[in-house]
Amino acid sequence: MINKTKTIGLRTTLSAALLLTASCSSGFKRPESIEEKMTRFTSRHKNPNRVPKISVLPVKISLSKGTRAPASAQQEQKITSKPIISNKRLYFLGLYTQYKSLGRFITAEETPELKHCPAFHSSLLNLKEEMACNPSSKLSVNFSGRYQALTPDAISLYPELALPTTLNNEETTLYSAIKSSQSPDKDTHELLSQAIKVHLTKTYKELEELCDSGTSHNYYNYENLTTYAEQNSGQFGANSQSLKILFKTTLFSNKAILESLSYGKGIIRGRVPASAHDNKNSAYDGVVGKMGTKWTTGYFQALRKVRK
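Residues numbered from 1 in each chain as written. Predicted model: local features only at pLDDT ≥ 70, side-chain atom pairs only at ≥ 80, totals over all residues. Heavy atoms only, no water.

## Thoughts on the state of the cysteines
For the structure shown, the criterion picks out one disulfide. Paired by a disulfide, Cys 117 and Cys 211 hold their sulfur atoms 2.2 Å apart. Looking down the S-S bond of the Cys 117 and Cys 211 bridge, the torsion is -90°, so its handedness is left-handed. Taken together, the positions of Cys 117 in the loop between α4 (87-103) and α5 (121-133) and Cys 211 in helix α8 (residues 184-213) put the pair 94 residues apart, joining distant regions of the chain. The two residues Cys 117 and Cys 211 agree in class, both being buried. (Disulfide = S-S within 2.5 Å. Helix = DSSP H or I, 4+ residues; strand = E, 2+ residues; numbered from the N terminus. Buried < 20%, exposed > 50% of the residue type's maximum accessible area, 1.4 Å probe, protein only.)

See below:
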């Protein structure tokens, strides 16, 4: 009996030692959860959610009927016969919806939920009820081998490559992390998941800021962009320069990332949530309607064809 106990104990000790040795040699580290990241994240900048530097791929943008001419907020109201939602409310609802949509690509955990939101209390409750009535199943994703023959041009084709993989170092992007990896195909899934978690953490911090004060640094950039689009409707059209300006704001950079993740090569098995595509009833649709930038749909459709 004693010998058997000693044998079991020895096996346990050896197993633990082998596991420790393997962990040390491979550099394995338990993936940090989104909540753990949020707990320790302190931004070095006034803006905790700095927009990633997304490049524009030079492709021909096809314009479908109804996307050629920008519409002002007043024109949009006449067309839809619905009351206009304020820019602040549209921005908050759009960012929250994108936060929830991006969270679906992290299959091992749920994104932390906003518990208090004084500035947009009723709007958030209504949106949560709407989402509860139309729930989406968790995605099944496998990012391994997603990027083949990775070149600098791939950053334009796959906008998520511009995401940082660490909380306080924006220079270490997903692109650079994969390029420096010794086993890029094998490590891609973990690295991309890490980048999405970092982005979700920063987005949550901005949502908290919006809930507390009603504004954020990124919101003011969006408001300035809205004013610019209204004042320069003749110039702010379907071209690369306009896209570069749009991608400097959160709602459009997130849209680009969601589109890439949703339509990339072989990463999704199962049903993609409607919110991931910003359906017709979404706040994002209200944003592009107000700004007259529905033509951006043509750009995202062009990228889908190139990624196939």
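## A closer look at the environment of Leu 246
Mapped onto the fold, Leu 246 is located in helix α10 (residues 240-246). On the basis of relative accessibility, which here comes to 0%, the residue Leu 246 falls in the buried class. In this structure, the C-alpha to C-alpha distance between Leu 246 and Thr 293, residues 47 residues apart in sequence, is 9.2 Å. Setting aside anything within four residues of it in sequence, one finds Leu 246 in contact with Leu 225, Phe 236, Phe 252, Met 291, Thr 293, Trp 295 and Thr 296. (Contact = heavy atoms within 4.5 Å.)

## Thoughts on the pattern of salt bridges
Counted by the stated rule, this structure contains seven salt bridges. Taking the shortest distance from any N to any O, the salt bridge between Arg 146 and Glu 160 comes out at 2.8 Å. In this pair, Arg 146 is assigned in the loop between β1 (140-141) and α6 (154-157) and Glu 160 in the loop between α6 and α7 (174-180), connecting sequence segments 14 residues apart. The exposure classification of Arg 146 matches that of Glu 160, with both residues buried. In the salt-bridge network here, residues are joined through shared partners; they are Lys 100, Glu 113 and Lys 128. (Salt bridge = Lys/Arg side-chain N within 4 Å of Asp/Glu carboxyl O.)

By themselves, these observations are geometric and do not establish any function.
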